[in-house]
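Commentary on secondary and tertiary structure
The lines below spell out each chain.
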Amino acid sequence: MKLHLVKSHSTIENHISDNVKTLPPSGIREFFDIVYNTPDCISLGVGEPDFVTPWRISDSGIYAIKDGNTHYTSNKGLLELRQAIAEHIKKNHGVEYNPQTQVLVTIGVSEGLDIALRSIINPGDEVIYFEPCYVSYSATIKLAYGKPVAIATHFDNGFAIDIEALQKAITSKTKAIMLNYPSNPTGASIDKKTLEAIAALAIAHNLIVISDEIYDAITYEGEHVSIISIPEMQEQTIYLNGFSKAYAMTGWRLGYACGPESIIAAMNKIHQYTALCAPSIAQYAALEAIRKGQRDVASMRAQYLKRRNFITNRLNEMGLPCLPPKGAFYVFPDISSTGLSSRDFALQLLKACKVAVVPGSAFGSCYDTHIRCSYATSMEQLKEAMDRMEQFVKEL
Ligand SMILES: Cc1ncc(COP(=O)(O)O)c(C=O)c1O
């Protein structure tokens, strides 16, 4: 039989889903395309450690290859690694997870976020999160067919969470509250009292908390307190963490999710069909990291602290007020005294001085009076970048 085919006039672009078409491109990526084309640029833009992965960790990855550990692992990840993760959490937060049923090894916190949202959201469910925030939050909620509900936090009170605003934002459609502490991009954390107030609301309204604690090990003052350590919250929380930031392992792509058995099983359902398992080689490296890498973490944290003190002093001195971050490796100074929008500031600074920062507008619509500077770069580079920025601000 001869088929009579007529060429369709619809373009290939028409095949892209409406959900994806309406997603805006990441404000960071768009900006960094310009940075990559600017030679000799000092970048305070990237959100990743300048340190290479500590050797003991990399060696474990290399040995995994040499030993032929290059196969799929269990969907949930190597049991030994899940056990080590559960022990690590027990030691830090006094909370017990069953490694067989309540721990899932993921492809970075990125995959953890995606499958956490997809496993709990029905179309139209609302997810509350706090701005300024990591650029993926709104997009991952939308990709899961949820409705992002942003609550602004403000420089004047240290980007603290306003519990009254949270209470007002909760509706009958609210499914979850997303938290990130210490925060990308402000470096602010959430104190125990505020976590308790959030927990009380989550319990009263039967909401899931998705707690992204990827920067917990980079906490400078006091101990990082997790919401899972608050009574009854372990049952209500999807706890996300990973190896990218603390152990300087961004390229290994490894994270983990812990939570109630039923939710971890639901997340694993998506994970087994879409990812199968996290990379085996990275899992062996992560096992070494979590068991023996704590001294390396402490040494990197000490260096971030020196840089944090230096950069906050310099920015404040040049008239760009910023709060000393409690954790992570970002500062989020207020640039309103310059009269420039965050995008103009970043573009002009890049052109005139070859220093790259990220416009605050990438982290939420209310933050056009801020820029994000990452201090995950050498002290030498930081000094040079601050000298250039000071000159730039003086000449405006
Ligand atoms: C707050 C936050 N969550 C998650 C991620 C993603 O991390 P991963 O490399 O583990 O996917 C990042 C990366 O910058 C981040 O800043």
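Residues numbered from 1 in each chain as written. Predicted model: local features only at pLDDT ≥ 70, side-chain atom pairs only at ≥ 80, totals over all residues.

1. Structural notes on the overall build of the chain
A count of helices and strands for the chain gives 13 helices and 12 strands. For 396 residues, the compact-globule estimate of 2.2 N^0.38 gives 21 Å, and the chain sits close to it at 22 Å. Summarising its shape, the C-alpha atoms of the chain cover approximately 65 × 65 × 50 Å along the three principal directions. With 396 residues in all, the chain has 46% of them scored as buried. Residue pairs in contact within the chain that sit at least 24 positions apart in sequence constitute 75% of those at least 6 positions apart. (Helix = DSSP H or I, 4+ residues; strand = E, 2+ residues; numbered from the N terminus. Rg over C-alpha atoms; globule rule 2.2 N^0.38 Å. Buried ≥ 20, exposed ≤ 12 C-beta atoms within 10 Å, placed from the backbone. Contact = placed C-beta atoms within 7 Å.)

2. Some words on the domain arrangement of the chain
Domains assigned within the chain are domain 1 (12–52 + 296–394) and domain 2 (69–293). Placing the centre of domain 1 and that of domain 2 at their C-alpha centroids yields a distance of 24 Å. In this assembly, 34 residues from domain 1 lie in contact with 31 residues from domain 2. Of the residues forming the side of domain 1 that touches domain 2, the biggest block, seven residues, is contributed by helix H11 (residues 294–317). Across the side of domain 1 that touches domain 2, the residue classes break down as 20 nonpolar, seven polar and seven charged. (Domains from an automatic or database assignment. Nonpolar A, V, L, I, M, F, W, Y, C, P; charged D, E, K, R; others polar.)

3. Structural notes on the site of the ligand
Looking at the ligand, there are 13 residues lining it, with Gly108, Val109, Ser110, Asn184 and Ser244 nearest. Considering each element in turn, the shell around the ligand owes the most residues, three residues, to helix H5 (residues 108–120). Each residue belonging to the shell around the ligand can be placed in one class, and the counts come to three nonpolar, nine polar and one charged. (Near = placed C-beta within 6 Å.)

4. Let's talk about the nonpolar core
In this structure, Ala116, Val209, Ile227, Ala257, Ala286 and Val357 are the most contacted members of the largest nonpolar core, which totals 109 residues. With seven residues, helix H10 (residues 280–292) is the single largest residue contributor to this core. When residues of this core are assigned to domains, at least three map to each of domain 1 (12–52 + 296–394) and domain 2 (69–293). (Core = buried A, V, L, I, M, F, W, Y, C linked by C-beta atoms within 7 Å.)

5. Remarks on the sheet that holds strand E2 (residues 103–106)
With respect to topology, seven strands assemble into an open sheet ordered E2-E8-E7-E6-E5-E3-E4, the strand pairing being mixed. In this open sheet, the two strands that pair with only one neighbour each are E2 and strand E4 (147–152). In this sheet, neighbouring strand axes are inclined to one another by 20° on average, regardless of whether the strands run parallel or antiparallel. On the sheet, helix H9 (residues 261–274) packs against E2, strand E7 (237–242) and strand E8 (255–258) and is oriented at approximately 30° with respect to E2. (Pairing = 2+ DSSP bridges. Axes fitted to C-alpha atoms, helices over the stretch in contact; angles between N-to-C directions.)

6. As for the sheet that holds strand E9 (residues 330–331)
Here we have three strands laid out as an open sheet, ordered E9-E12-E11, and antiparallel in their pairing. What marks the edges here is a single partner per strand, and that holds for E9 and strand E11 (358–359). Where E11 meets strand E12 (residues 371–374), two bridges bridge the pair, whose relative direction is antiparallel. Bridged to Val358 within E12 is Arg372.

7. Quick look at the packing of H5 against helix H6 (residues 136–143)
H6 packs onto H5 with a crossing angle of 40° between their chain directions and a minimal axis gap of 9 Å. Comparing their axes, H6 and H5 come out oblique. The chirality of how H5 crosses H6 is right-handed. Along the contact surface, H5 presents Ser110, Leu113, Asp114 and Leu117, while H6 presents Ser136, Thr140 and Ile141. Here the contact of H5 with H6 is composed, by residue class, of three nonpolar, three polar and one charged. (Parallel < 35°, antiparallel > 145°, perpendicular 65-115°, else oblique. Left-handed = near helix turned anticlockwise from the far one by under 90°.)

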